[in-house]
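# Results of the structural survey
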Amino acid sequence: MLRGLYTGANGMISQQVRMDVVANNLANVDKTGFKKDTTVFKTFPEMLLHRYSEDGIGKTPMGSFDTSPVVGKLGFGAEVNEVYTRFEQGAVKKTDNIFDLMVQDQPGMEKPAFFTVLTNQGERLTRSGSFVLDKNGFVVTPQGFPLLGEKGPIQVNQGNFLVKENGEIYINAKLGTAPKDGTNFSENRFEEPVLLDKLKIRTVENPRHLDKVGDSFYADTPESGEPTAFPELLAPQVLQGYLEASNVSVVTEMVDMIEVNRAYEANSKTMQTQDSLLGRLFEIMR
């Protein structure tokens, strides 16, 4: 009887976790580069039942047989196995802002690409390419963390920032990088183009094991492997003036939310039924 209560409670706890994940996906549906999470469940190890009144081995002239035959398996409900992130690419949004960047995954790429950002906790990976220019001329995230190139933080001035599809960053040497020498991008003719740096774009061996640390940042873990560069032939494209939308589908998440509510309600009714039967049993035994 108590087993039914435990099974129902496990089901309610599992659905509560799933609801939290769905709610978080919906809350970040408009966040640049956000990747949805998915909840994976597994069953508790099942118990193999035997008839306890017939224990032992029967003997026959031709051999032996089991006198404790298997009745069947008894399940104990479900539990959350893991919550993992799905890295399918989101929709492309054109902004025409030169400090908006997007990583375009190429067909056949098995692993997603990430920008590298230097935070207070060290280097972090991100798919969000919404950057701005701070007062010192560094390209930074809205939180103020610098975008990294292969040589370190990227310093340019307003209107003097050109990113090619292979991630190479060019400036007009005639304007330099001093913030006071900035100009309008449409007026910059790049008469003296100079290769300043190349974006530090990385991936990991097992992306599903990356750790979400907030603000669309990911930290590598021992399970994910350390960030590594792409081979030249498999390198992703970088689009300047574009942003990647989240890969959350509002319709799908709303359907999942209804499904979670129904499953939670069913488990709740199971517990209520078990509690009612247990109460009747106590009344009979009283």
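Residues numbered from 1 in each chain as written. Predicted model: local features only at pLDDT ≥ 70, side-chain atom pairs only at ≥ 80, totals over all residues. Heavy atoms only, no water.

## Structural notes on helix 2 (residues 250-285)
- With 36 residues, helix 2 ought to run about 52 Å at 1.5 Å a step, and its terminal C-alpha atoms sit 53 Å apart, in line with that.
- Inspection of helix 2 places Glu253, Asp256, Val260, Asn267, Gln274 and Leu278 among the buried residues, and these make up the whole buried set.
- As for helix 2, its buried residues are in contact with helix 1 (2-27). (Helix = DSSP H or I, 4+ residues; strand = E, 2+ residues; numbered from the N terminus. Expected span 1.5 Å × (residues − 1). Buried < 20%, exposed > 50% of the residue type's maximum accessible area, 1.4 Å probe, protein only. Contact = heavy atoms within 4.5 Å.)

## Things to note about the UniProt feature "domain: Flagellar basal body rod protein N-terminal" (unreviewed entry) in the chain
- Residues given the UniProt feature "domain: Flagellar basal body rod protein N-terminal" (unreviewed entry) here are residues 5-35.
- Across residues 5-35, the secondary structure splits into 74% helix and 0% strand, with the terminal C-alpha atoms separated by 36 Å. (UniProt positions renumbered as here; feature names shortened; annotations may be inferred.)

## A few points about the environment of Ala263
- Note on placement: Ala263 falls in helix 2.
- Overall, Ala263 belongs to the partly exposed group, its relative accessible area being 22%.

## Section: the nonpolar core
- One finds Leu101, Val139, Leu147, Ile154, Phe161 and Leu199 to be the most contacted residues of the largest nonpolar core, which totals 23 residues.
- Counting only elements with at least two residues in this core, the list comes to strand 8 (101-104), strand 9 (114-119) and strand 16 (168-172).
- In contact with Leu147, other than residues within four places in its own chain, are Leu101, Phe115, Thr116, Phe131, Val139, Val140, Gly152, Pro153, Ile154 and Leu199.
- Phe87, Phe114, Leu125 and Tyr218 belong to the second largest nonpolar core, which has 6 residues in total. (Core = buried A, V, L, I, M, F, W, Y, C linked by side-chain atoms within 4.5 Å.)

## Some points on the UniProt feature "domain: Flagellar basal-body/hook protein C-terminal" (unreviewed entry) in the chain
- Taken from the UniProt record, the annotation "domain: Flagellar basal-body/hook protein C-terminal" (unreviewed entry) applies to residues 240-281.
- As a span, residues 240-281 carries 76% helix and 10% strand, and end to end its C-alpha atoms are 70 Å apart.

## Quick look at the domain arrangement of the chain
- The domains assigned to the chain are domain 1 (1-85 + 249-285) and domain 2 (91-245).
- Contacts between the two partners involve 9 residues from domain 1 and, on the opposite side, 11 residues from domain 2.
- In total, about 980 Å² of surface goes out of reach between domain 1 and domain 2, with carbon and sulfur atoms giving 40% of it.
- With a shortest N-O distance of 2.4 Å, Glu244 and Lys35 are connected by a salt bridge.
- The interface formed by domain 1 and domain 2 holds 5 residue pairs in polar contact (both at pLDDT 80 or more) in total.
- Considering every element that reaches the side of domain 1 that touches domain 2, the biggest residue donor is strand 6 (residues 78-85), with 3 residues.
- A class-by-class count of the residues in the side of domain 1 that touches domain 2 yields 2 nonpolar, 3 polar and 4 charged. (Domains from an automatic or database assignment. Buried area = accessible area lost by both parts, 1.4 Å probe. Salt bridge = Lys/Arg side-chain N within 4 Å of Asp/Glu carboxyl O. Polar contact = N/O pair within 3.5 Å; in protein donor to acceptor, adjacent residues only side chain to side chain. Nonpolar A, V, L, I, M, F, W, Y, C, P; charged D, E, K, R; others polar.)

## Things to note about helix 1
- Counted at 1.5 Å a residue, the expected span for helix 1 with its 26 residues is 38 Å, and the 37 Å between its end C-alpha atoms agrees.
- Lining the buried residues of helix 1 we find strand 1 (37-43), strand 6 and helix 2.

## What about the sheet that holds strand 15 (residues 162-163)?
- Spatially, the 3 strands line up as an open sheet ordered 15-16-17, and their pairing is antiparallel. Looking at strand neighbours, the two that pair on one side only are strand 15 and strand 17 (193-198), the edges of this open sheet.
- In this sheet, strand 17 lies alongside strand 16 in antiparallel orientation, the contact comprising 5 bridges. In the strand pairing of strand 17, Asn172 is matched with Pro193. (Pairing = 2+ DSSP bridges.)

## So, the side chain of Arg127
- You can see Arg127 is positioned in the loop between strand 10 (122-126) and strand 11 (132-133).
- On the accessibility criterion, Arg127 (2% relative accessible area) is buried.
- Looking at Arg127, its side chain comes within polar contact range of the side chain of Asp105, at 3.2 Å.
- Here Glu244 takes part through its side chain, which lies 3.1 Å from a polar atom of the side chain of Arg127.
- Apart from residues no more than four positions distant in its own chain, Arg127 is found in contact with Gly33, Lys35, Gln89, Val103, Asp105, Pro112, Ala113, Phe114, Phe115, Ser216 and Glu244.

## Description of the sheet that holds strand 18 (residues 201-202)
- Strand order in the open sheet formed by 5 strands is 18-9-10-20-19, with antiparallel pairing between adjacent strands. In this open sheet, the two strands that pair with only one neighbour each are strand 18 and strand 19 (211-214).
- Here 3 bridges tie strand 19 to strand 20 (residues 217-219), and the two strands are oriented antiparallel to one another. When the sheet's bridge partners are listed, Asp211 is paired in strand 20 with Ala219.

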